[in-house]
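Below, each chain spelled out in residue letters.
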Amino acid sequence: MTGLDDRGDNCWPVRVLTLFPEMFPGLLGQSLAGRALEKGIWSLETVDIRGFARDKHRSVDDTPFGGGPGMVMRPDVIDAAVTETAGPPGAGRQTPVIYLTPRGSLLTQARVRALAAAPSGITVLCGRYEGVDERVLEAQAVEQICIGDYVLSGGEPAAMVLIDACVRLLPGVVGNDETTGEESFERGLLEYPHYTRPAAWQDRVVPEVLLSGHHEKVRTWRLAEAERVTRERRPDLWAQYRRATGHRQE
Ligand code: SAM
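Undergrad: Whenever I open this one, the sheet that holds strand E7 (residues 143-146) confuses me. Can you help?
TA: By way of backbone hydrogen bonds, the strands of a sheet pair with one another, either parallel or antiparallel. Strand order in the open sheet formed by 5 strands is E2-E1-E6-E5-E7, with parallel pairing between adjacent strands. The open sheet has two free edges, formed respectively by strand E2 (42-48) and E7, since each of these has just one partner strand. Each strand axis lies, on average, 35 degrees off the axis of its neighbour in the sheet, ignoring direction. As defined by bridge partners, strand E1 (residues 12-18) adjoins strand E6 (residues 122-126) across 4 bridges and the pair is classed as parallel. Among the inter-strand pairings, Arg15 is bridged to a residue of E6, identified as Thr123. Across the sheet, helix H3 (residues 109-116) is in contact with E1, strand E5 (97-106), E6 and E7; its angle to E7 comes to roughly 130 degrees. Docked against the sheet, helix H5 (residues 155-167) engages E1, E2, E5 and E6, running at close to 160 degrees with respect to E6.

Undergrad: Please clarify how the packing of aromatic side chains should be interpreted in this entry.
TA: A ring pair, where both rings are aromatic, is described by two values, the distance of the centres and the angle of the planes. In this structure the tally under the stated criterion is 1 aromatic pair. Above the plane of the ring of Trp238 lies Arg231, whose end atom (NZ or CZ) is 5.6 Å from the centre.

Undergrad: How do you make sense of the nonpolar core when you look at a structure like this?
TA: Generally speaking, soluble globular proteins have nonpolar side chains that are buried together. Core analysis: the biggest nonpolar cluster contains 31 residues, and Trp42 and Val167 have the highest contact counts within it. Contributing elements (two or more residues each) for this core: E1, helix H1 (31-39), E2, E5, H3, E6 and H5. Ranked by residues supplied to this core, first place goes to H5 with 8 residues. When residues no more than four places from it in sequence are discounted, the contact partners of Val167 are Trp12, Ala33, Ala36, Trp42 and Val173. Ranked by size, the runner-up nonpolar core spans 21 residues in total, among them Ala81, Leu125, Val132 and Val136.

Undergrad: Explanation requested: the pattern of salt bridges in the structure shown.
TA: Note on pairing: side chains with opposite charge can pair once their charged atoms come close. Scanning the entire structure with this criterion turns up 13 salt bridges. Among the ionic pairs, Glu134 bridges to Arg103, the shortest N-O distance being 3.1 Å. Here Glu134 is found in helix H4 (residues 134-139), whereas its partner Arg103 is found in strand E5, with 31 residues between them in sequence. Exposure remark for Glu134: the relative accessible area of 34% places this residue in the partly exposed category. A salt bridge links Glu250 to Arg242; the nearest nitrogen and oxygen atoms lie 3.9 Å apart. Judged by relative accessible area, Glu250 falls into the exposed class, the value being 71%. Three or more residues are tied together by salt bridges with common partners; here these are Glu225, Arg228 and Glu232.

What counts and how
Residues numbered from 1 in each chain as written. Predicted model: local features only at pLDDT ≥ 70, side-chain atom pairs only at ≥ 80, totals over all residues. Heavy atoms only, no water. Pairing = 2+ DSSP bridges. Helix = DSSP H or I, 4+ residues; strand = E, 2+ residues; numbered from the N terminus. Axes fitted to C-alpha atoms, helices over the stretch in contact; angles between N-to-C directions. Contact = heavy atoms within 4.5 Å. Phe/Tyr/Trp six-rings, centres within 6.5 Å; stacked < 30°, edge-to-face > 60°. Lys NZ or Arg CZ within 6 Å of the ring centre and 35° of its normal. Core = buried A, V, L, I, M, F, W, Y, C linked by side-chain atoms within 4.5 Å. Buried < 20%, exposed > 50% of the residue type's maximum accessible area, 1.4 Å probe, protein only. Salt bridge = Lys/Arg side-chain N within 4 Å of Asp/Glu carboxyl O.

Structure representation (structure tokens):
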């Protein structure tokens, strides 16, 4: 694990507040993200939330007021963990503090790009049980982000998704900087389909235009395919794209 203190000038620092620090770096220690971590392009500090519990049982959670199933993470413990690591809320705080929760705003590529550009990196709070007491989320001015319309058992896999999405946009992580420009969501479209050798495989051939060497025709075909796939699979994105571009097709 690399701590925030070790960061170089261009290092993107990530701090994760979790009850399960041993889960990290996990998949973030492999492949692109793992190599970038080794190179110091980003750094990872894990903080054990339990270390901020003050009672003799080191409790981090309690039963919900109003009844109901499950447990809720205590505001005093989360408050101490956030303030003592990311600093108190307000103008002096260097890093956005993000709580991953199904109740947050849906994560978008635009938000990922903005977070990856934040020189101060990010602090991520991982929930467990039924989640975190609402008051500390308000008091700490925490941004609430959801990674998709489904419920995970904890915030750690969601944190890994968010961090991975950001890390691959950091300079020097993905080999060819042009690679990310035409990817899904960057232009409001899903990406066009890809093909590689062999040109003929199981009676299926690669679209002729991709073998033509004609760059303009390839570009036109790819845009048409990106539009077709988006129209067929993501009516929500297609409606936004039509509004932005004036594209006629319903
Ligand atoms: N009771 C919560 C609700 O219905 O919104 C779900 C709690 S979930 C079992 C436990 C933790 O997993 C949450 O506090 C959150 O940190 C994380 N989590 C679950 N699903 C998530 C999602 N789709 N996006 C981001 N975080 C998620």
